[in-house]
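Single-letter residue listing:
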Amino acid sequence: MMAKNQTLGEFIIDNQADFPYSSGELSRLINSIRLAAKVVNHEVNKAGLVDITGEYGDTNIQGEEQQKLDVYANNKFIQTLTNREIVCGIASEENEDFLTIKGCNGDHQNKYVVLMDPLDGSSNIDVNVSVGTIFSVYRRLSPVGTPVTAEDFLQPGNMQVAAGYIIYGTSTMLVYTTGNGVNGFTLNPALGSWYLSHPNMKFPENGKIYSTNEGNYIHFPQGVKDFIKYCQEEKEDRPYTSRYIGSMVSDIHRNMIKGGIFMYPESSRARNGKLRLLYECNPMAFITEQAGGKASDGFKRILDIQPEKLHQRTPFFCGSKKMVEKAEEFMQR
Ligand code: P6P
């Protein structure tokens with residue numbers, strides 16, 4: 001049951017049945033993410049006012065200059081999930097290896113692991129463009145009570161029990177799924193409450209927006225080049241509109257509301273594209289499919305890819321079902 005504008009807390013109570021393994025742990029996990037998101041939102045919103053947008057001087061596993069907000073967000077989400085003793089392990093874009101989280105009595109009784117990109121699009125921070133947090137939740141595979149292992153994190157996306165994103169934009173929204181559709185909550189910063197502003201979000205089956213970095217055009221596979229030319233030709237319902245924010249959460253969020261396709265393909269310079277499978281593409285693919293859209297690497301379903309490495313990349317085509325299918329048609333010619 002959902003009523004527009006009910007609070008996230010009310011929604012979780014009313015929809016406990018939507019939380020698999022409804023021992024309440026998963027709903028507590030979502031609650032802890034919403035708390036950390038409020039704290040991070042507060043810092044993101046004042047980034048221009050304090051010396052927190054500058055480069056942190058360190059580099060993350062990706063070899064990217066760590067913006068201070070990246071590090072701050074990473075620490076906040078880890079701290080909140082740890083303090084509330086909800087997860088047994090965390091993997092993050094900002095950390096080379098996964099973290100084993102111990103309970104207060106030094107055990108590992110919790111059964112969920114979280115993978116996250118704590119602040120995606122961070123290069124947009126100092127130019128005041130929206131950024132996002134992306135998270136993905138799995139049940140551990142290794143025995144409860146033992147330290148987590150790599151297999152707990154290297155699960156295919158079709159094993160996710162929950163996934164979501166926070167978009168720090170003109171308003172701050174938490175959009176997530178537990179496998180029973182997608183719901184969007186908007187933060188009222190004055191009250192610190194999240195309100196169900198976008199119940200049962202659905203990707204339009206078709207759309208007229210394509211999102212990709214066309215600066216990479218000459219490096220794209222021929223199929224992508226042909227699809228882009230298809231979008232641009234004056235025929236039927238085309239030309240389509242090109243919209244690219246450079247922040248995946250924002251681009252996909254817009255396309256989910258208006259209809260469209262987001263693509264980060266492979267290129268001659270990046271054989272597997274740029275985006276990370278485990279904590280960027282899998283959660284966004286889970287949400288997309290739950291909203292009636294489609295997500296693939298141009299050939300196979302993202303959620304069926306068996307991960308081999310924590311930070312592995314994948315080409316990514318995500319959005320309105322018919323647009324992704326048309327792009328796949330060009331890719332598979
Ligand atoms: P490019 C942000 O750094 C990010 O990971 C995604 O959010 C975004 O879609 C992509 O990279 C942008 O990459 O190469 O187009 O600047």
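Predicted model, so just to flag it, every value in this text is computed and none were measured.

Procedures and definitions
Residues numbered from 1 in each chain as written. Predicted model: local features only at pLDDT ≥ 70, side-chain atom pairs only at ≥ 80, totals over all residues. Heavy atoms only, no water. Pairing = 2+ DSSP bridges. Helix = DSSP H or I, 4+ residues; strand = E, 2+ residues; numbered from the N terminus. Contact = heavy atoms within 4.5 Å. Axes fitted to C-alpha atoms, helices over the stretch in contact; angles between N-to-C directions. Salt bridge = Lys/Arg side-chain N within 4 Å of Asp/Glu carboxyl O. Buried < 20%, exposed > 50% of the residue type's maximum accessible area, 1.4 Å probe, protein only. Near = heavy atom within 4 Å. Polar contact = N/O pair within 3.5 Å; in protein donor to acceptor, adjacent residues only side chain to side chain. Areas by Shrake-Rupley, 256 points an atom, 1.4 Å probe, with all protein chains shown as cover. 1 Å grid on protein atoms, 1.4 Å probe; cavity = no way out; pocket = protein on both sides within 12 Å on 5 of 7 lines; lining within 4 Å. Sits in = over half its atoms within 2 Å of the grid points. Domains from an automatic or database assignment. Buried area = accessible area lost by both parts, 1.4 Å probe. Nonpolar A, V, L, I, M, F, W, Y, C, P; charged D, E, K, R; others polar.

Novice: I'd like a rundown of the sheet that holds strand 11 (residues 209–211), residues and numbers included.
Specialist: Ordered in space as 12-11-13-15-14, the five strands form an open sheet in which the pairing is mixed. The sheet is open, and its two borders are formed by strand 12 (241–242) and strand 14 (294–296), each paired with just one other strand. Each of strand 11, strand 13 (261–264) and strand 15 (316–319) touches helix 6 (residues 248–258); the most contacted strand, strand 11, lies at about 165 degrees to it. Most of the contacts of helix 7 (residues 277–290) go to strand 15, to which it runs at about 30 degrees, and overall it touches strand 14 and strand 15.

Novice: Talk me through the pattern of salt bridges; I want residue IDs and the actual numbers.
Specialist: Following the criterion strictly, the structure yields 14 salt bridges and no others. Across the salt bridge formed by Asp251 and Arg254, the nearest N and O atoms sit 3.1 Å from each other. Residue Asp251 and its partner Arg254 are both found in helix 6; the two are separated by three residues, about one turn of the helix. Glu329 is paired through a salt bridge with Lys326; the nearest N and O atoms lie 3.2 Å apart. Residue Glu329 and its partner Lys326 are located together in helix 8 (residues 321–331), separated by three residues, close to a single helical turn. By relative accessible area, which is 21% here, Lys326 ends up partly exposed. One continuous salt-bridge network, built from bridges that share partners, spans Glu233, Glu236, Asp237 and Arg238.

Novice: Summarise the site of the ligand; cite the residues concerned and give the values.
Specialist: The immediate surroundings of the ligand are formed by Asp120, Gly121, Asn213, Tyr244, Gly246, Ser247, Met248, Phe262, Tyr264, Lys274, Leu275 and Glu280. In this structure, Asn213 approaches the ligand through a side-chain N or O atom, which is 3.0 Å from an oxygen atom. Separating an oxygen atom of the ligand from a side-chain N or O atom of Tyr264 is a distance of 2.6 Å. Contact with the protein chains removes 81% of the 400 Å² of surface that the ligand exposes when unbound. Applying the majority rule of atoms within 2 Å of the grid points places the ligand in the largest pocket.

Novice: Help me get a handle on the domain arrangement of the protein chain, residues and values and all.
Specialist: Looking at the assigned domains, one finds that the protein chain contains domain 1 (8–198) and domain 2 (209–332). Spacing between the C-alpha centres of domain 1 and domain 2 amounts to 23 Å. At the interface, 45 residues of domain 1 touch 31 residues of domain 2. Around 2700 Å² of area is buried between domain 1 and domain 2 when both sides are counted, 63% of it from carbon and sulfur atoms. Counting the surface domain 1 buries against domain 2, the share from its top three residues, Ile134, Leu154 and Tyr165, is 22%. Inspection of the region where domain 1 meets domain 2 yields zero salt bridges. At the boundary of domain 1 with domain 2, the tally comes to 13 residue pairs in polar contact (both at pLDDT 80 or more). Mapped by element, the contributors of at least two residues to the side of domain 1 that touches domain 2 are strand 3 (87–92), strand 5 (112–120), strand 6 (131–139), strand 7 (162–168) and strand 8 (172–177). Here the side of domain 1 that touches domain 2 is built from residues that sort into 22 nonpolar, 18 polar and five charged.

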